[in-house]
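Single-letter residue listing:
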Amino acid sequence: MRYTFGTNDIAAQRLEKIGEIFNPHSSRFIRKYASKPVVSALDLGCGPGFTTHMLFMTLNSREVYGLDRSEEFLERAAERFGHSVFIKHDLAGTSLPLKAEVMYSRFILAHLSDPVATVNRWSEDLCENGLLFLEEVEDIKTDNAVFKRYLEINRGLVASQGANLYAGELLSKGKYSRETVANESFELPITNSQAAALFYPNAVNVWEKENYVLNTVSPEERRAIAGALSKILSARDNNSGISWKLRRIVLKNSKEDPYFGMFI
Ligand SMILES: C[S@@+](CC[C@H](N)C(=O)[O-])C[C@H]1O[C@@H](n2cnc3c(N)ncnc32)[C@H](O)[C@@H]1O
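Presented here is a report on the structure given in the accompanying data block. (Residues numbered from 1 in each chain as written. Predicted model: local features only at pLDDT ≥ 70, side-chain atom pairs only at ≥ 80, totals over all residues.)

## Overview of the overall build of the protein
- Check the secondary structure of the protein and you find 9 helices and 7 strands.
- If you line up the protein on its principal axes, its C-alpha atoms span 75 × 40 × 35 Å.
- Put simply, the protein has 264 residues, and 41% of those count as buried.
- When contacts within the protein are restricted to residue pairs at least 6 apart in sequence, those whose partners lie at least 24 apart make up 79%. (Helix = DSSP H or I, 4+ residues; strand = E, 2+ residues; numbered from the N terminus. Buried ≥ 20, exposed ≤ 12 C-beta atoms within 10 Å, placed from the backbone. Contact = placed C-beta atoms within 7 Å.)

Written as C-alpha cells, this is what we have:
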C-alpha cells in the first residue's frame, strides 16, 4: 500500500512540525511505562527520524534503530541523527529484521491495511518483557468549517488506499496476543496556526497528485481550502479551535517465572 502523504522536502518539514508538537507528549508517555534502562529500541515507521531522535533522548538506549520503507526519509534521518541506525524495511511484511526491548510506532498504522494484525505480528519480535508502544489518531475534534472539510477529504483519501486515518479507533478495540499494559486516550488541543501548518502542505503538495481528490473535490474548493489555511497560518492565529484525540496502547511480552508456585 502506498504512503499517501509523500516523502519529499515538504513532507519531511511537515513531519518535523508534527515532532515539535507531539514529541514532548510522546516522550512523557514512554517514560511512564518504560522505567527500567533499555539496551535496544526500535522506531517502526521512523520517517526522517524525528521520532527516532525522541526515542533516543527519552530512553538513553545504546542501540536505537529506525525502520521505514522510504529511502528518501532514511537518508535524511541518517544524515541528521548519526546516533541511530536506519534500516529499510516494509513494516506491512512478515517479521521484523531485529528484536528489541522497546518498540515504538506513531502515525504509521493509519497507512496500513490491518492495524491490529500488524501490531500482533510486530509484537512477536519483542524481547522477553519487552514493551511495544503505539500512538495513533482516534479522532480530531473541531468546529472550524475549513479544518472539518480538510479532514473529511484526507480521511477519504486514506480510505481510498484501503487504510483508516483514524486507526486509533480500531486499535482501541483490538484483540492482542500480548499482555495489554495500557489502552488509553490522550487529548491534545493545538493552536489554529499549528493545525494549518500541518494541513497546508498536504492541501498544496499532495492533493493535486491524487486521483481520489481530483475526482471528488473541485479545483475551486481545493483553492479555497488552501487559501483559507494559508490565511490562518499567516495571521498566526493562536486560538485553539482543534484538538487531537490519540489512542495509546502499550503491549508487553510478559514472561511468567515457569517455577512460580511449584514448591508451595
Ligand atoms: C506519518 S509518517 C510518521 C513518521 C514518524 N513516526 C512520526 O511520527 O513523525 C508515516 C511513516 O510510515 C512510513 N511507511 C508507510 N508505510 C510503510 C510500510 N509499509 N513500511 C515501512 N514504512 C512505511 C512512511 O514512509 C512514513 O515515514
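## With respect to helix α5 (residues 145-160)
- Across its 16 residues, α5 extends 23 Å between first and last C-alpha, which sits within 8% of the 22 Å expected from 1.5 Å per residue.
- Those residues of α5 lying buried are V146, F147, Y150, L151, I153, N154, L157 and V158. All buried residues of α5 fall inside an arc of 165° around its axis, so they share one side. Exposed positions of α5 whose direction lies more than 90 degrees from the buried face are A145 and E152.
- Elements that come into contact with the buried residues of α5 comprise β5 (126-142), α7 (192-206), α8 (211-216), α9 (219-234) and β7 (242-252). (Expected span 1.5 Å × (residues − 1). Arc of directions from axis to C-beta.)

## Some details on the site of the ligand
- Inspection of the region around the ligand gives 21 residues, with G45, G47, R69, S70 and L91 positioned closest.
- Elements that contribute at least two residues to the shell around the ligand include exactly α1 (9-33) and α2 (50-59).
- Partitioned by chemical class, the residues of the shell around the ligand number 10 nonpolar, 7 polar and 4 charged. (Near = placed C-beta within 6 Å. Nonpolar A, V, L, I, M, F, W, Y, C, P; charged D, E, K, R; others polar.)

## Focus on the pairing of β7
- Along β7, 8 of the 11 residues are buried, which leaves the element largely enclosed by surrounding structure.
- Of the pairings in the sheet, the one linking β5 to β7 comprises 11 bridges and is antiparallel in character. Residue pairing in the sheet places K141 in a bridge with S243 of β7.
- Bridge analysis of strand β6 (residues 179-190) against β7 gives 11 bridges, and the strand direction is antiparallel. The residue bridging N183 from the neighbouring strand is I249, located in β7. (Pairing = 2+ DSSP bridges.)

## Section: the environment of L98
- Mapping L98 onto the fold places it in the loop between β3 (85-88) and β4 (100-106).
- Accessibility expressed as a C-beta count within 10 Å gives 14 for L98, which makes it partly exposed.
- Distance from L98 to L251, taken between C-alpha atoms, is 18 Å for residues 153 residues apart in sequence.

## Brief notes about unusual backbone geometry
- In this structure, N60 is a non-glycine residue whose phi angle is positive, near 55°.
- Take N60: it is sitting in the loop between α2 and β2 (63-68).

## Points about the packing of α5 against α9
- Contact geometry for α5 and α9: axes closest at 10 Å, N-to-C directions at 130°. Of the possible angle classes, the one that applies to α5 and α9 is oblique. Taken as a pair, α5 and α9 cross one another with a handedness that is left-handed. From α5, V146, R149 and Y150 reach across to α9, where they touch I225, A228 and L229.
- Counted by class, the contact of α5 with α9 contains 5 nonpolar, no polar and 1 charged residues. (Axes fitted to C-alpha atoms, helices over the stretch in contact; angles between N-to-C directions. Parallel < 35°, antiparallel > 145°, perpendicular 65-115°, else oblique. Left-handed = near helix turned anticlockwise from the far one by under 90°.)

## Here we look at the environment of S70
- Mapped onto the fold, S70 is located in the loop between β2 and α3 (71-80).
- Between the C-alpha atoms of S70 and S40, which are 30 residues apart in sequence, the distance is 22 Å.
- The residues contacting S70, other than those within four sequence positions of it, are Y3 and T7.

## With respect to the sheet that holds β4
- Pairing is mixed in the open sheet, where 7 strands are placed in the order β3-β2-β1-β4-β5-β7-β6. Each of the sheet's edge strands pairs with one partner strand only, and the pair in question is β3 and β6. On average, each strand axis in the sheet is tilted by 20° relative to the strand beside it, whichever way the strands run.
- As paired strands, strand β1 (residues 40-44) and β4 are joined by 3 bridges and run parallel to one another. Each residue of the ladder has a partner; that of L42, found in β4, is M103.
- Packed on one face of the sheet, helix α4 (residues 115-123) meets β1, β4, β5 and β7 and runs near 155° to β5.

## Details of the packing of α7 against α9
- The interhelical angle for the contact between α7 and α9, taken along N-to-C directions, is 145°, at an axis separation of 8 Å. Here the hand of the crossing between α7 and α9 comes out left-handed. Two secondary-structure elements touch here, α7 through N192, S193, A196, A197, F199, Y200, A203 and V204 and α9 through R222, I225, A226, L229, S230, I232 and L233.
- Its residues assigned to classes, the contact of α7 with α9 shows 11 nonpolar, 3 polar and 1 charged.

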